[in-house]
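The primary structure of each chain is shown beneath.
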Amino acid sequence: MSDLSYNVGMDSDSSDESGGDRSRLKQTFTGWFENSRSTIFFGGAGVSVASGIPDFRSNHGIYAADESAETMLSIDYMLREPARFWPFYRRIFMAPNNGPNAVHIALAQMEQAGSLSAVITQNIDGLHQQAGSRKVLELHGTGQSFSCLACLALYTFAEVLRMAEVPRCPACGGRLRPDIVLYGEGLDENVVDESLRLIRYADLILVAGTSLVVYPAAGFLSAKRADAKLVIMNRQSTAYDRTADLCLAGDLVETFAWLGLSANG
Ligand SMILES: [Zn+2]
């Protein structure tokens, strides 16, 4: 764990003497943020939990007893078992959600104000774009569009929502797929290269809502410059906490508000 480590959720329980520590941490962060020429946000499933989207990796209850996420969200399974893949996919990734939360909105406002260079996300829910973020690198693709495996026609989320449970291409009858990166598939090299370029250039990297165990997150952080600051905001500790300059545990929406990054908590 880093020297600078703080649980935002404990704020109200803290004694008076830690009040100085709290304001010192905030001051330190604000200094990094204001002096950074390039700040990058790297986010995972924890960013969308407040939007009502469960973290499918940690939510074991959603899988059939004998199947893992790695199996059910693999390219093989989608091709071999479409009648089982699609109901599962729809339940996990096409259920209604609450839209962008305070963190998505704050990030979009930071970009607009010129204080955030890019969002790199492991999420496929499109909520950063919905909040107004423009530079969004989607490492695992997008669940907002679907392609026909036969004729490559593209369909929107809303269109596929209205199709049969196991959807077929209205144009050619071919099978469809979500434009996400499934297990067993490689990442888009352009997205990876651009993400690495941004991380190498960044003065400040905010990592949030990810345990950093999912490929390629781990390798990404080793691309950061030695003098760049790394801030990790996650409910649980991560393998990278000891390399971080600041670790903030607790609720992400609260953490953003506490740091002064979002207007409301
Ligand atoms: Zn087609």
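Use the structure listed above.
Residues numbered from 1 in each chain as written. Predicted model: local features only at pLDDT ≥ 70, side-chain atom pairs only at ≥ 80, totals over all residues.

**Let's talk about the overall build of the protein**
1) Next: The helix and strand tally for the protein stands at 10 helices and 10 strands.
2) Next: Across the 265 residues in the protein, those meeting the buried criterion constitute 35%.
3) Next: Partitioning the intrachain contacts of the protein with sequence separation of at least 6 by distance along the chain shows that 67% fall at a separation of at least 24. (Helix = DSSP H or I, 4+ residues; strand = E, 2+ residues; numbered from the N terminus. Buried ≥ 20, exposed ≤ 12 C-beta atoms within 10 Å, placed from the backbone. Contact = placed C-beta atoms within 7 Å.)

**Observations regarding the sheet that holds strand S5 (residues 141–148)**
Hydrogen bonding along the main chain pairs the strands of a sheet, whether they run parallel or antiparallel.
1) Next: Ordered by their spatial adjacency, 3 strands build an open sheet running S6-S5-S7, and the pairing between neighbours is antiparallel. Sheet topology places strand S6 (154–156) and strand S7 (176–180) at the edges, where each strand pairs with a single neighbour. Pairwise comparison of adjacent strand axes, ignoring direction, gives a mean angle of 40° for this sheet.
2) Next: The pairing of S5 with S6 spans 3 bridges and is classified as antiparallel. Bridge pairing in S6 links Phe146 to Tyr155. (Pairing = 2+ DSSP bridges. Axes fitted to C-alpha atoms, helices over the stretch in contact; angles between N-to-C directions.)

**What about unusual backbone geometry?**
1) Next: Residue Leu152 is not a glycine yet carries a positive backbone phi of 70°.
2) Next: Locating Leu152 in the fold gives a position in the loop between S5 and S6.

**Description of the nonpolar core**
1) Next: Core analysis: the biggest nonpolar cluster contains 47 residues, and Ile40, Leu107, Ile205, Leu206, Val207 and Val231 have the highest contact counts within it.
2) Next: With 7 residues, the top contributor of residues to this core is helix H5 (residues 102–112).
3) Next: Apart from the residues lying within four places of it in its own chain, the contact partners of Leu206 are Thr39, Phe41, Phe42, Val231 and Met233.
4) Next: By size, the runner-up hydrophobic cluster in this structure holds 9 residues, among which are Met72, Phe85, Val181 and Leu182. (Core = buried A, V, L, I, M, F, W, Y, C linked by C-beta atoms within 7 Å.)

**Things to note about the pairing of strand S3 (residues 118–121)**
1) Next: Burial along S3 is two-sided: the face carrying Ala118 and Ile120 and the face carrying Val119 and Thr121 are both buried.
2) Next: Taken together, the 4 bridges between strand S2 (residues 39–43) and S3 define a ladder with parallel strand orientation. Residue pairing for S3: Gly43 is matched across the bridge by Thr121.
3) Next: One ladder, built from 3 bridges, connects S3 with strand S4 (residues 136–138); its direction is parallel. Within the sheet, the bridge partner assigned to Ile120 lies in S4 and is Leu137.

**A short note on helix H8 (residues 189–201)**
1) Next: Taking 1.5 Å of rise per residue, the 13 residues of H8 would be expected to cover 18 Å, and the 18 Å separating its terminal C-alpha atoms lies within 8% of that figure.
2) Next: When H8 is considered as a whole, its buried residues turn out to be Ser195, Leu198 and Ile199. Buried residues in H8, looked at end-on, bunch into an arc of 100°, giving them a common side. Turned more than 90 degrees off the buried face of H8, the exposed positions are Glu189, Asn190, Asp193, Arg197 and Arg200.
3) Next: Here the buried face of H8 lies against S2, S3, S4, strand S8 (204–208) and helix H9 (217–221). (Expected span 1.5 Å × (residues − 1). Arc of directions from axis to C-beta.)

**So, the pairing of strand S9 (residues 229–233)**
1) Next: Counting buried positions along S9 yields 5 of 5 residues, so the element is predominantly enclosed.
2) Next: Neither face of S9 is open: one carries Lys229, Val231 and Met233, the other Leu230 and Ile232, and all of them are buried.
3) Next: Relative to S9, S8 runs parallel, the two being bridged by 5 bridges. Counted as the bridge partner of Ile205 is Leu230 from S9.
4) Next: The pairing of S9 with strand S10 (residues 246–249) spans 3 bridges and is classified as parallel. Residue pairing for S10: Ile232 is matched across the bridge by Cys247.

**Focus on the environment of Gly132**
1) Next: Along the chain, Gly132 turns up in the loop between helix H6 (127–131) and S4.
2) Next: For Gly132, a count of 14 C-beta atoms within 10 Å puts it in the partly exposed group.
3) Next: With 23 residues separating them in the primary sequence, Gly132 and Gln109 have C-alpha atoms 7.9 Å apart.

**Regarding the environment of Leu230**
1) Next: Examined against the element boundaries, Leu230 turns out to sit in strand S9.
2) Next: Spatially, the C-alpha atoms of Leu230 and Leu204 are 6.1 Å apart, while their sequence positions differ by 26 residues.
3) Next: Ignoring anything within four residues of it in the chain, the contact list for Leu230 reads Ile205, Val207, Leu221, Lys224, Thr243, Ala244 and Asp245.

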